[in-house]
Amino acid sequence: MIRIDTHIIACIVFAAAATAAGILIDNAYYLQVMIFIGINTLLALSLNMLMGYAGQISLGHAAFYGIGAYATAILSTTYNLSPWIALPVAIFAAVVIAYIVGIPTLRLTGYYLGMGTLGFGMIVSIIFREWYSVTGGASGFVGIPPLSIGNFVFDTDRSYFFLVWGVVLFFFIMCRRIIDSRVGRALRAIHDGEHAAAAVGVNTAKMKLSIFVLSAAMASLAGFLYAHQVYFISPGSFSFLASIRIVTMVVIGGMASIWGSLLGASLLTLLPEWLHTFADYEMMVYGLVLMLVMIFLPRGLTRGILDIYENSRKKDDR
Amino acid sequence: MLRIRNLKCFYGQIMAVKGISLSVKEGEIITLIGANGSGKSTLMEAVSGILPSWTGEILFEGKNLKGMDPPAVVKSGISLVPEGRLIFPPMSVHDNLILGAYTMLKKKAREEVRETMETVTDLFPILKERFEQPAGTLSGGEQQMLAIGRALMARPRLLLLDEPSMGLAPLIVEKIMGVLETLRSKGLTILIVEQNAQAALSVADRGYVFETGSVVLEGAADELLADKNVKRAYLGKDYEEFDDENR
């Protein structure tokens, strides 16, 4: 019970902080960075549900992100449909593809599941690049319209900021509710031992498939938000490296932690921005920071910071 | 209650159980004893639906279990306490127990689950004390109790235990066997696989002795305890000692 209460408080604090940031930040650059943090948080959260909680690794998650982005790009630009019609189609496409891919792939475990999802991610990324007539190929897809409700157009960074962070907050609450439910316990049980989970009556295959589909749908939504923010998408954003980046966000932020997704996404979005000053050495410093985090906080930022806090409290008690 | 006829289990090409027949009547404690690799655990896996590759017949309350997956088996009233306990270490004792009622919560039987939880914690008061602790911090004996408690949460009519004494001190083993007797007196039917034949036979009504995938001996528990071959092979008395005793 206490855990749920703290989560409600955390959500309120988080919502207040996000609102304050949205109103107070006037710099367009910072607003935009914050929007990307929001989109990346949603992505990291989607993978964290699958990887952190259910223990099923996916090295092809950017594929679903890309499916969401390209689906809405094609429908709303090429076919001139409203993005609000494109959204359910984009999510439905991700759900169907995740379902079909998930049935054989989720029978694999460990490294093999990693390889399977990796292959899937590469296939999708190649389709984005090579299906020139539909996706615009390697040069990308230009001219995606902004989102609008009635006469209100989300074409300013501030309005989009609130849209994205509203969605993130909604999924924070939803995912926490899933984790604290019967389904969440079943997921963690699968993580700890599939045989044991089956022995208590969890339908492990169905449960893994469901969470994979949910995760894909969330990633697809993130792709949708991304496409209508940048108006221009290219296959590079959904490549193998993008998948790895999502995995890194989850691991750095903290596995099986909803707030870890926020921390991981924030760090991995901000770090490249901060490191511009290092110019040629940017990637070296980037790698170094990630290594240091993993060496000193092996359980991720969330758990690591909590551990430091608890240790210092113990010292104070002495 | 449980009737197995001519059961053969396969791991790929290898036949691990070679045509076993046995029966468990309602309210009985039955034990399967035998050395490593004699097919006891395989049989448990077949009954609980974890191993689907078997032929023959497993009837539970007259219903054939062929083709049923583990969740369906649990729903039909059979719970397994797996070998090595297989609790979920990072999750709290409470969450481990609630997971045991996984198939029941679906039916929204909250009140029933709460009652079962009370029965289980009455049976193992230590679990109540450790309620919010991660299950991995429990001692071996406590973990075994948790595994049994978790299995009971599904309100089974038949409880399968795979090596419940594994790695536990004799005193704890005695305690767990005592709990099993209590459960039987409340009407639960129990099937135990054990290497610790002494402990298992001391509470069981009847036993089956396994050897390389076949039943070589069966009978009342006290008869098996007294049987010369069982004594030699499974009660840890080596040949010399055995010879001394019979001189």
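To start, this report covers the structure provided alongside it. (Residues numbered from 1 in each chain as written. Chains lettered and ligands numbered in written order. Predicted model: local features only at pLDDT ≥ 70, side-chain atom pairs only at ≥ 80, totals over all residues.)

Points about the overall build of chain A
- Looking only at helices and strands, chain A has 14 helices and two strands in total.
- In terms of principal-axis extent, the alpha carbons of chain A reach across some 65 × 50 × 45 Å.
- Taking all 318 residues of chain A together, the buried fraction comes to 44%.
- A separation threshold of at least 6 residues defines the contact pool for chain A, and within that pool the share at least 24 residues apart is 75%. (Helix = DSSP H or I, 4+ residues; strand = E, 2+ residues; numbered from the N terminus. Buried ≥ 20, exposed ≤ 12 C-beta atoms within 10 Å, placed from the backbone. Contact = placed C-beta atoms within 7 Å.)

Quick notes on the overall build of chain B
- Of regular secondary structure, chain B possesses twelve helices and ten strands.
- Against the globule reference of 18 Å for 247 residues, chain B gives a C-alpha radius of gyration of 18 Å, in line with a compact fold.
- Taken along the three principal axes of its C-alpha coordinates, chain B extends 60 × 40 × 30 Å.
- When each of the 247 residues of chain B is scored for burial, the buried share is 45%.
- Residue pairs in contact within chain B that sit at least 24 positions apart in sequence constitute 66% of those at least 6 positions apart. (Rg over C-alpha atoms; globule rule 2.2 N^0.38 Å.)

Details of the environment of Leu 152 of chain B
Residue and element names in this part refer to chain B.
- Within the secondary structure, Leu 152 sits in helix 7 (residues 140–152).
- With 36 residues separating them along the chain, Leu 152 and Thr 116 place their C-alpha atoms 7.9 Å apart.
- Non-local contacts of Leu 152, meaning those with residues more than four positions away in its chain, are made with Ser 79 and Val 120.

A closer look at the nonpolar core
- Of all hydrophobic cores here, the largest spans 166 residues; its most connected members are Ala 94 and Ala 222 of chain A together with Leu 160 of chain B.
- When neighbours within four sequence positions are excluded, Ala 94 of chain A is seen to be in contact with Phe 64, Ile 67, Gly 68, Ala 216, Ala 217, Ala 219 and Ser 220 of chain A. (Core = buried A, V, L, I, M, F, W, Y, C linked by C-beta atoms within 7 Å.)

Thoughts on the interface of chain B and chain A
- Taken together, the contact between chain B and chain A spans 23 residues of the former and 15 residues of the latter.
- Its residues placed into classes, the side of chain B that touches chain A shows 16 nonpolar, three polar and four charged. (Nonpolar A, V, L, I, M, F, W, Y, C, P; charged D, E, K, R; others polar.)

Regarding the environment of Ser 243 of chain A
Residue and element names in this part refer to chain A.
- Turning to its location among the elements, Ser 243 is positioned in helix 11 (residues 240–253).
- On a C-alpha basis, the gap between Ser 243 and Thr 117 in space is 10.0 Å, while along the polypeptide they are 126 residues apart.
- Excluding its chain neighbours within four sequence positions, the residues that come into contact with Ser 243 are Leu 59, Gly 60, His 61, Ala 62 and Gly 121.

A short note on the sheet that holds strand 1 (residues 2–11) of chain B
Residues and elements named next belong to chain B.
- Here we have four strands laid out as an open sheet, ordered 2-1-4-5, and antiparallel in their pairing. In the strand order of this sheet, the two ends are held by strand 2 (14–24) and strand 5 (63–64), each with one partner.
- As paired strands, strand 4 (residues 54–60) and strand 5 are joined by two bridges and run antiparallel to one another. Bridging across to strand 5, Phe 60 finds its partner in Lys 63.
- Here helix 1 (residues 40–48) sits on the sheet in contact with strand 1, strand 2 and strand 4, set at roughly 110° to strand 1. (Pairing = 2+ DSSP bridges. Axes fitted to C-alpha atoms, helices over the stretch in contact; angles between N-to-C directions.)

As for the packing of helix 2 (residues 28–53) of chain A against helix 12 (residues 258–274) of chain A
Residues and elements named next belong to chain A.
- Close contact between helix 2 and helix 12 brings their axes to 8 Å; oriented N to C, the two are set at 135°. What the angle tells us is that helix 2 and helix 12 run oblique. Between helix 2 and helix 12 the crossing geometry is right-handed. For the pair formed by helix 2 and helix 12, the contact residues are Val 33, Phe 36, Ile 37, Asn 40, Thr 41, Ala 44, Leu 45 and Asn 48 on the first element and Ile 258, Gly 260, Ser 261, Leu 262, Gly 264, Ala 265, Ser 266, Leu 268, Thr 269, Leu 270 and Glu 273 on the second. (Parallel < 35°, antiparallel > 145°, perpendicular 65-115°, else oblique. Left-handed = near helix turned anticlockwise from the far one by under 90°.)

Some details on the environment of Glu 45 of chain B
Residue and element names in this part refer to chain B.
- Residue position: Glu 45 is located in helix 1.
- Along the primary structure Glu 45 and Leu 80 are separated by 35 residues, whereas in three dimensions their C-alpha atoms are 8.7 Å apart.
- Non-local contacts of Glu 45, meaning those with residues more than four positions away in its chain, are made with Ile 50 and Leu 51.

A closer look at helix 8 (residues 170–185) of chain B
- With 16 residues, helix 8 of chain B extends 23 Å from end C-alpha to end C-alpha; this agrees with the ideal 22 Å at 1.5 Å per step.
- Each element contacted by the buried residues of helix 8 of chain B is listed here: strand 3 (29–34), helix 7, strand 8 (189–194) and helix 9 (197–203) of chain B. (Expected span 1.5 Å × (residues − 1).)

Re the pairing of strand 3 of chain B
Residues and elements named next belong to chain B.
- The element strand 3 is extensively covered by neighbouring structure, given that six of its six residues are classed as buried.
- Covered by surrounding structure in strand 3 are Ile 29, Thr 31 and Ile 33 together with Ile 30, Leu 32 and Gly 34, the residues of both alternating faces.
- The pairing of strand 3 with strand 8 spans five bridges and is classified as parallel. Looking at the pairing, Leu 32 lines up with Val 193 of strand 8.
- Where strand 3 meets strand 9 (residues 206–211), five bridges bridge the pair, whose relative direction is parallel. The partner of Ile 30 across the bridge, within strand 9, is Arg 206.

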